[in-house]
Amino acid sequence: RKGRDVIVAVAARLQQDGVAVRWLLAGTGAAASDVRAAFAPSVRDAVMVVPYFPPDEEDEVLGQAHVWLMPSWFEGQPLGLLQAMAAGR
């Protein structure tokens, strides 16, 4: 429902096309090893997972990103979108 398969496919495609991307998956709520296992082995080293972070660290976590991506299939206006916009992402 959150579109994880889309992110995994995009990561594989960009890597295949020679585009170097570092992925930061924040607020996944799942263990880093489980999240990273969904990615192709050739992409996993570029995937950093932050399962949870306290609200007072939100700006710091979002500040590490250049682009924010959330391919959700069911949320009209997710809180994550508002948080990313507030952080200028």
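Residues numbered from 1 in each chain as written. Predicted model: local features only at pLDDT ≥ 70, side-chain atom pairs only at ≥ 80, totals over all residues. Heavy atoms only, no water.

Draft legend 1. Looking closely at the overall build of the chain. Within the chain one finds five helices and two strands. Here the C-alpha radius of gyration of the chain, 13 Å, is about what a compact globule of 89 residues would show, namely 12 Å. When the backbone C-alpha atoms are referred to their principal axes, the chain occupies close to 35 × 25 × 25 Å. The proportion of buried residues among the 89 residues of the chain is 21%. Partitioning the contacts of the chain with sequence separation of at least 6, the portion at a separation of at least 24 is 53%. Summed over all atoms, the accessible surface of the chain reaches about 6,200 Å², with 54% contributed by carbon and sulfur. (Helix = DSSP H or I, 4+ residues; strand = E, 2+ residues; numbered from the N terminus. Rg over C-alpha atoms; globule rule 2.2 N^0.38 Å. Buried < 20%, exposed > 50% of the residue type's maximum accessible area, 1.4 Å probe, protein only. Contact = heavy atoms within 4.5 Å. Areas by Shrake-Rupley, 256 points an atom, 1.4 Å probe, with all protein chains shown as cover.)

Draft legend 2. Representation of the pairing of strand β1 (residues 23-26) within the structure. Of the two faces of β1, the one lined by W23 and L25 is fully buried and the one lined by L24 and A26 carries no buried residue. Note that β1 and strand β2 (residues 47-50) share four bridges and pair parallel. The partner of L24 across the bridge, within β2, is M48. (Pairing = 2+ DSSP bridges.)

Draft legend 3. A look at a nonpolar patch on the surface. A surface patch of nonpolar side chains, amounting to about 310 Å² of accessible area, comprises L79, L82 and M85. Of note, L79 is situated in helix α5 (residues 79-86). (Patch = residues over 30% accessible without salt bridge, like charges linked within 9 Å, V, L, I, M, F, W, Y side chains within 5 Å. Salt bridge = Lys/Arg side-chain N within 4 Å of Asp/Glu carboxyl O.)

Draft legend 4. Focus on the nonpolar core. Judged by nonpolar contacts, I7, V8, A11, W23, L25, V35, F39, V43, V47 and V49 together constitute the single largest core of ten residues. Of all elements in the fold, only α1 (4-16), β1 and β2 reach the threshold of two or more residues within this core. (Core = buried A, V, L, I, M, F, W, Y, C linked by side-chain atoms within 4.5 Å.)

Draft legend 5. View of α1. Between its terminal C-alpha atoms α1 stretches 18 Å, which fits the 18 Å expected from 13 residues at 1.5 Å a residue. For α1, the full list of buried residues reads I7, V8 and A11. What you see down the axis of α1 is that its buried residues fit within an arc of 100°, all on one side. Opposite the buried face of α1, by more than 90 degrees, sit the exposed residues D5, R13 and Q16. Next to the buried residues of α1 lie β1 and α3 (41-44). One or two steps after α1, the chain reaches G18, where phi turns positive at roughly 80°. (Expected span 1.5 Å × (residues − 1). Arc of directions from axis to C-beta.)

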